[in-house]
Amino acid sequence: MSHLFPKSANKLPLQIIIYLCVIGVVATAGITYYMTPKYTRVGYAPVQPVPYSHALHAGQLGLDCRYCHSNIEASGLANLPTAQTCMNCHNQIKTASPLLAVVRRSYATGQPVPWVQVHRLPDFVYFNHSIHVARGVGCVECHGHINQMETVTHDQPLTMAFCLDCHRDPAPRLRPRAEVTNLDWRAPSAAAQDAMGRKFVHDWNVNPPQSCSGCHR
Amino acid sequence: MRTVYLVTAFVLVLGISVLGFRGKVFTHTPMDVFPDLLFPGMKVQPKFRAQGTSSFFADGRIDRMPPAGTVPASGPLKDDDALYLGKAADGSWIRVFPASVTVNRRLLERGRERYGIYCAPCHGGLGDGNGVTKRYGMGATPSYHDERLRQMSEGQIFDTITHGKAPAYNMNPYADKLTPEDRWAVVAYVRALQKTQTGTLDEVPAKNRPELGLK
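If you're wondering where the values come from, they're calculated on a predicted model, not measured in any experiment.

**Focus: the overall build of chain B**
What chain B contains, in helices and strands, is six helices and zero strands. In chain B, the order of α-helices and β-strands from amino to carboxyl end is α-α-α-α-α-α. Over its C-alpha trace chain B gives a radius of gyration of 29 Å, far above what one expects of a compact globule, namely 17 Å for 215 residues. For the C-alpha atoms alone, the extent of chain B along its principal axes is close to 95 × 55 × 35 Å. Counting across all 215 residues of chain B, residues that qualify as buried make up 31%. Counting contacts in chain B only where the partners sit at least 6 residues apart, residues at least 24 apart contribute 46% of the total. By element, 62% of the accessible surface of chain B is carried by carbon and sulfur atoms, the whole surface being about 14,400 Å². The distance from the centre of the 28 positive side-chain charges to the centre of the 21 negative ones in chain B is 9 Å.

**Quick look at the pattern of salt bridges**
In the structure shown here, the tally under the stated rule is 21 salt bridges over all chains. A salt bridge links R114 of chain B to E73 of chain A; the shortest N-O distance between them is 2.9 Å. Here R114 of chain B is found in helix α3 (residues 105–123), whereas its partner E73 of chain A is found in the loop between α4 (65–68) and α5 (83–90) on a different chain. Since its relative accessible area comes to 2%, R114 of chain B is described here as buried. Each of D64, R66 and E73 of chain A together with R110, E113, R114 and D182 of chain B takes part in salt bridges that share partners, so that together they form one network.

**What about the interface of chain B and chain A?**
With 49 residues of chain B at the contact, the number on the chain A side is 53 residues. Together chain B and chain A conceal approximately 4,500 Å² of surface at their shared face, both sides included; 54% is due to carbon and sulfur atoms. Taken together, the links from chain B to chain A amount to three salt bridges. Ionic pairing is found between R66 of chain A and E113 of chain B, a salt bridge with its closest N-O pair at 3.5 Å. Across the chain B-chain A interface, the total number found is 25 residue pairs in polar contact (both at pLDDT 80 or more).

**Quick look at the side chain of Q45 of chain B**
Relative to the elements of secondary structure, Q45 of chain B occurs in the loop between α1 (2–19) and α2 (81–85). What makes Q45 of chain B buried here is its relative accessible area of 16%. Among the polar contacts made by the side chain of Q45 of chain B, one reaches the main-chain carbonyl oxygen of M42 of chain B at a distance of 2.9 Å. Beyond its immediate stretch of four places on either side in the chain, Q45 of chain B contacts D123, F124 and Y126 of chain A.

**Quick notes on the environment of G127 of chain B**
Residue and element names in this part refer to chain B. Take G127: it is sitting in the loop between α3 and α4 (147–151). Classification of G127 by relative accessible area gives buried; the value is 0%. Considered as a pair, G127 and F97 are 30 residues apart in the sequence and their alpha carbons are 20 Å apart. Setting aside its immediate chain neighbours within four residues, G127 contacts Y115, S143, Y144, H145 and L193.

**Quick look at the environment of P208 of chain A**
Residue and element names in this part refer to chain A. Relative to the assigned elements, P208 resides in the loop between α10 (190–203) and α11 (212–215). The spacing of P208 and C89 is 119 residues in sequence and 39 Å in space, taken between C-alpha atoms. Ignoring anything within four residues of it in the chain, the contact list for P208 reads H167 and P170.

**Observations regarding the state of the cysteines**
Enumeration over the complete set of coordinates arrives at zero disulfides over all chains. The thiol of C89 of chain A is not disulfide-bonded; the next cysteine sulfur, from C122 of chain B, is found 4.5 Å away. Looking at C89 of chain A, the relative accessible area reads 13%, which means it is buried. Free of any disulfide, C119 of chain B has its nearest neighbouring cysteine sulfur in C122 of chain B, separated by 9.2 Å. Relative accessible area serves as the criterion here: at 12%, C119 of chain B is assigned to the buried category.

**Quick notes on the packing of α3 of chain B against helix α6 (residues 180–198) of chain B**
All names here are of chain B. Between α3 and α6, whose axes approach to 7 Å, the crossing angle comes to 90 degrees. Comparing the axis directions of α3 and α6 gives the class roughly perpendicular. Seen from α3, the contacting residues are L107, L108, R110, G111, R112, R114, Y115 and C119; seen from α6, they are E181, D182, W184, A185, V186, A188, Y189, V190, A192 and L193. Grouping the constituent residues of the contact of α3 with α6 by class yields 12 nonpolar, one polar and five charged.

Conventions we followed
- Residues numbered from 1 in each chain as written.
- Chains lettered and ligands numbered in written order.
- Predicted model: local features only at pLDDT ≥ 70, side-chain atom pairs only at ≥ 80, totals over all residues.
- Heavy atoms only, no water.
- Helix = DSSP H or I, 4+ residues; strand = E, 2+ residues; numbered from the N terminus.
- Rg over C-alpha atoms; globule rule 2.2 N^0.38 Å.
- Buried < 20%, exposed > 50% of the residue type's maximum accessible area, 1.4 Å probe, protein only.
- Contact = heavy atoms within 4.5 Å.
- Areas by Shrake-Rupley, 256 points an atom, 1.4 Å probe, with all protein chains shown as cover.
- Lys, Arg positive; Asp, Glu negative; His and termini not counted.
- Charge placed at Lys NZ, Arg CZ, Asp CG, Glu CD.
- Salt bridge = Lys/Arg side-chain N within 4 Å of Asp/Glu carboxyl O.
- Buried area = accessible area lost by both parts, 1.4 Å probe.
- Polar contact = N/O pair within 3.5 Å; in protein donor to acceptor, adjacent residues only side chain to side chain.
- Disulfide = S-S within 2.5 Å.
- Axes fitted to C-alpha atoms, helices over the stretch in contact; angles between N-to-C directions.
- Parallel < 35°, antiparallel > 145°, perpendicular 65-115°, else oblique.
- Nonpolar A, V, L, I, M, F, W, Y, C, P; charged D, E, K, R; others polar.

Without other data, these values stay purely geometric and don't point to any function.
Structure representation (structure tokens):
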């Protein structure tokens, strides 16, 4: 029988085991890197029906986030603006711009502008905007520097680990309530942020839930 | 064996070239790596989310308008004309604040904040009509420091915020953005802005004068 299998075949089982280990490592690394929202969602910047620039409106003009997203303090949902909100200014500014035709049609007919949702949580997550805003979590913590974005881009992974990082230790991410919508605000120093954050946690009784039912029902 | 490793390395490099790295900006719909069909997890539930779409209603909208002529069962009955309309019992504009609104520092601070968000872009931080929109072609925004607006009653200012001045004067209503209480806070702050131009030294209490650098 010795002429059927060469001598090197004796090493084959070991080589196969080693190869399978290598494949296992590569697959684990690949899944970890590519199959989480850090890869699948961060960087998502869909083409919107109106090429609205947050860099111009929120950055250059300095409009407050709440001018358009007017319900964030009162409602769990951060609302998209009505067409009338756009027309508050655009009934006089750039009234003939073809880029705004969709908005004008929406204002005239009542049909909504078909904006594409960028930040979308699974249906089993009950995120409430108003409580985060009321407790001094800045918009920038989850949405990034929207005021520098020409097109809104998904900035943070918004995974459960991302939420829990802050729910376990909120102090580093709390800011004075008046600065919540100021995307460029930063504490003067890390030590100042730490002291301020701890004070807010105490004063505002910040006690973010870590139980399942805090965010899932 | 060497060939197997070479092929593996090639497939690896090919995969990374196609998939790229994290943080790359893209416009296509995000890949769902755990689709609900294969991994049922209630990620997509047959429920309505605000501002969503639905084929159930003819206009495709989930958010519904209240039927005409109905009054919401929730919330207070809005029978306080002074608070909700800025009108007295005889239908004239009120020249004072409604009885249910207390003008104090808290109200003024609230008014300042709301004014900064919703009014300042056009009316300007000083109320002089020189907001940032003026540089981009917004027509003449009136100054609060005109005699006409100084004489305007509180009720009428409230009504202007509530219903706007469109189409004659281009200002749209802000009732969707400001609750009646917030509108009164803004009215109070507008009055404070007007006072900045007409106030006299006699009106400043003696103990507060050093704060203004006065004796």
